[in-house]
Amino acid sequence: MFDVEKIRAGFPILKREIYGKPLIYFDNGATSQRPARVVEKMDEYYLNRNANVHRGVHHLSNICTDANEESRRTVRDFIRAASEKEIIFTRGATESINLVAYSFGERFIGKGDEILVTEMEHHADIVPWQMLCERKGAVLKVLPFTDDGVLNLEELDRLLAGRVKLVGVVHASNVLGTVNPVKKIIEKAHAAGAKVLVDAAQSIAHTEIDVQALDCDFLAFSGHKIYGPTGVGVLYGKEALLEEMPPWQGGGEMIREVRFEKTIYNDLPFKFEAGTPDFIGIIGLGEALKYVGGIGLKAIGAYEEELLKYATGRLQEISGFRIFGTAPEKTALISFQVGKIHPLDVGTLLDRMGIAIRTGQLCAEPVMQHYGVHGMARASFAMYNTREEIDVFCEAIRKIETLLGAGNA
Amino acid sequence: MTIQEKEQEIVEEFAVFDDWMDKYAYLIELGTALPPLDEQYKTDENLIKGCQSRVWFHAELKEGRLWFSADSDAIITKGIAALLIRVFSGEKPQDIAAADLKFIEEIGLSQHLSPTRSNGLLSMVKQIKLYAIALTAGS
Ligand SMILES: Cc1ncc(COP(=O)(O)O)c(C=O)c1O
């Protein structure tokens, strides 16, 4: 049984107050909170077990190396990858995408080739491809979405008829909430001979992912958005593809043999992990995934869907409340504007009421341009949020509307 | 009135509110009342960088004194801009350049002061000072 009170009890920060009001944390899209269990696990390693991984002959080094590799297997199982060789630890989703843009790009992208991204990508899934295009003389193409926040799949067929070598698509949009039909997109892309990278930064904590069922070539996510530590993330890549790709950073760990004449690179996954990794972060991530796995993403997803439905219904009762992104399948977030009130004013006033949300361009300027706005406010939920919090949020929005007058600019 | 006296006046005005909501309501009132900035001055040059809302500050030198006007698409930001205009407009560039603002903290809006804050209060003050310093250096 999904017990939200029990879950909340595991997150000390949820007990704190902001300006004397109980914290309502609705900025989970930016980063989730961490349960004590994850931090305690990391503390234990920092304080009692620390030693560098893959290097020492000594006891502690072995303990950390084992834990590091156990986390890799936890990630493998979590996303149902075929092998732990396909799990590369990075600093986060951003670094994972950059790794592919660099390494896959180095090997497979040439002049006149095309990279296809969607209009709803986070900057992290745009800019690395632009940099690649600049290096290689390749061309960036964009798959548009309709005003309700749904990708235009007919346009996809037309675009894939070109020289597309790689498609970058966000699994769940961090602005619109749309859960994209990635399986279908992957099928179409593969039929056209293109590889696909799925940006799972916003979906990893909310829905089950099976990389083999999806048949994606790459998948990227960050630990800090799934109750894990900051500074650690994952790149999944199909083994055969990763084998063909050159390393992107050189250093320790990623080598088998170093001679001044020639260096031989290490096997997967270490080939892509130069230098000392954030092994304690990696261990923390493993703990977070075990924690989430224990509750179950099915139960989490169902609970959050209810929350989203409830919040959407309640908020729509408020005159002038405009929701951006109304796709039939959405992850638990709502981007919005209240009348003509500037999102910054909304965010500032909510903050004073103890409610944390995100405002601004949400790292997705093309989405802002699509709607012709300078910014939005976004409430993004996690499994520890409650209906009661949404009620307080709705009340707060009404208060702000009264204070500012809905028509006020 | 000197810059300091104007600051003191603002502090006294805000002192009557003990509820944060009333403070913000007053800021919003000030923002709403701020005369609109002539469209010709809403240029990229006058746009304050480092702010989530768009804020424009226009400065004019008349008889050795600086006069400011401003606008923003966020009303709280505009209210803060109105306070800054009240404090600095009509002052000598050298006085503006040397001013050490205290009132923001004293009226309990210091959470707007941190350099990472997106509302750009610090950027506004910096821009005002830059205008003043440029003119002081030029004279
Ligand atoms: C959809 C999406 N992709 C990528 C990222 C980048 O994640 P990170 O900053 O953790 O690398 C984010 C984070 O905001 C995101 O929402």
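The structure displayed is predicted, hence computed values, not measured ones.

Engineer: Could you give an account of the environment of A:Asp125, naming the residues involved and the relevant values?
Structural biologist: Residues and elements named next belong to chain A. One can find aspartate 125 in the loop between strand E5 (114–118) and helix H5 (127–136). With relative accessibility at 0%, the residue aspartate 125 sits in the buried group. Considered as a pair, aspartate 125 and valine 169 are 44 residues apart in the sequence and their alpha carbons are 7.8 Å apart. If near-sequence neighbours (up to four positions away) are discounted, aspartate 125 is found in contact with Ile97, Val117, Gly168, Val169, Leu197 and Asp199.

Engineer: Got a sec to walk through the interface of chain A and chain B? Specific residues and values, please.
Structural biologist: By a frequent convention, interface size equals the accessible area lost on bringing the separate parts together. Across the boundary between the two partners, chain A contributes 18 residues, which contact 19 residues of chain B. Both sides together, the interface formed by chain A and chain B hides about 1,600 Å², and carbon and sulfur atoms give 63% of it. When residues of chain A are sorted by the area they lose upon contact with chain B, A:Leu344, A:Arg352 and A:Leu403 head the list and together hold 32% of the total. Our enumeration of links across chain A and chain B arrives at zero salt bridges. If you list the elements that add at least two residues to the side of chain A that touches chain B, you get helix H12 (343–352), strand E16 (358–360) and helix H14 (387–404) of chain A. Top element by residues in the side of chain A that touches chain B is H12(A). It accounts for six residues. Grouping the amino acids of the side of chain A that touches chain B by side-chain chemistry returns seven nonpolar, six polar and five charged.

Engineer: Tell me about the packing of helix H3 (residues 59–78) of chain A against helix H10 (residues 279–295) of chain A, and please be specific about residues and values.
Structural biologist: Residues and elements named next belong to chain A. Closest axis-to-axis distance for the H3/H10 pair is 8 Å, and the angle between their directions is 40 degrees. Classified by the angle between their axes, H3 and H10 sit oblique to one another. Judged by the twist between their axes, the crossing of H3 over H10 is left-handed. Contact with H3, carried on its side by Cys64, Ala67, Asn68, Glu70, Ser71, Thr74, Val75 and Phe78, involves Phe279, Ile282, Ile283, Leu285, Gly286, Leu289, Lys290, Val292 and Gly293 of H10 and no other residues of that element.

Engineer: So what's going on with the site of the ligand? Residues and values would help.
Structural biologist: Residues and elements named next belong to chain A. By nearness alone, 13 residues border the ligand, and Thr94, Asp199, Ser222, His224 and Lys225 come closest of all. A distance of 2.6 Å separates an oxygen atom of the ligand from a polar side-chain atom of lysine 225. Expressed as a share of its isolated accessible area of 390 Å², the protein-covered part of the ligand is 84%.

Definitions and cut-offs
- Residues numbered from 1 in each chain as written.
- Chains lettered and ligands numbered in written order.
- Predicted model: local features only at pLDDT ≥ 70, side-chain atom pairs only at ≥ 80, totals over all residues.
- Heavy atoms only, no water.
- Helix = DSSP H or I, 4+ residues; strand = E, 2+ residues; numbered from the N terminus.
- Buried < 20%, exposed > 50% of the residue type's maximum accessible area, 1.4 Å probe, protein only.
- Contact = heavy atoms within 4.5 Å.
- Buried area = accessible area lost by both parts, 1.4 Å probe.
- Salt bridge = Lys/Arg side-chain N within 4 Å of Asp/Glu carboxyl O.
- Nonpolar A, V, L, I, M, F, W, Y, C, P; charged D, E, K, R; others polar.
- Axes fitted to C-alpha atoms, helices over the stretch in contact; angles between N-to-C directions.
- Parallel < 35°, antiparallel > 145°, perpendicular 65-115°, else oblique.
- Left-handed = near helix turned anticlockwise from the far one by under 90°.
- Near = heavy atom within 4 Å.
- Polar contact = N/O pair within 3.5 Å; in protein donor to acceptor, adjacent residues only side chain to side chain.
- Areas by Shrake-Rupley, 256 points an atom, 1.4 Å probe, with all protein chains shown as cover.

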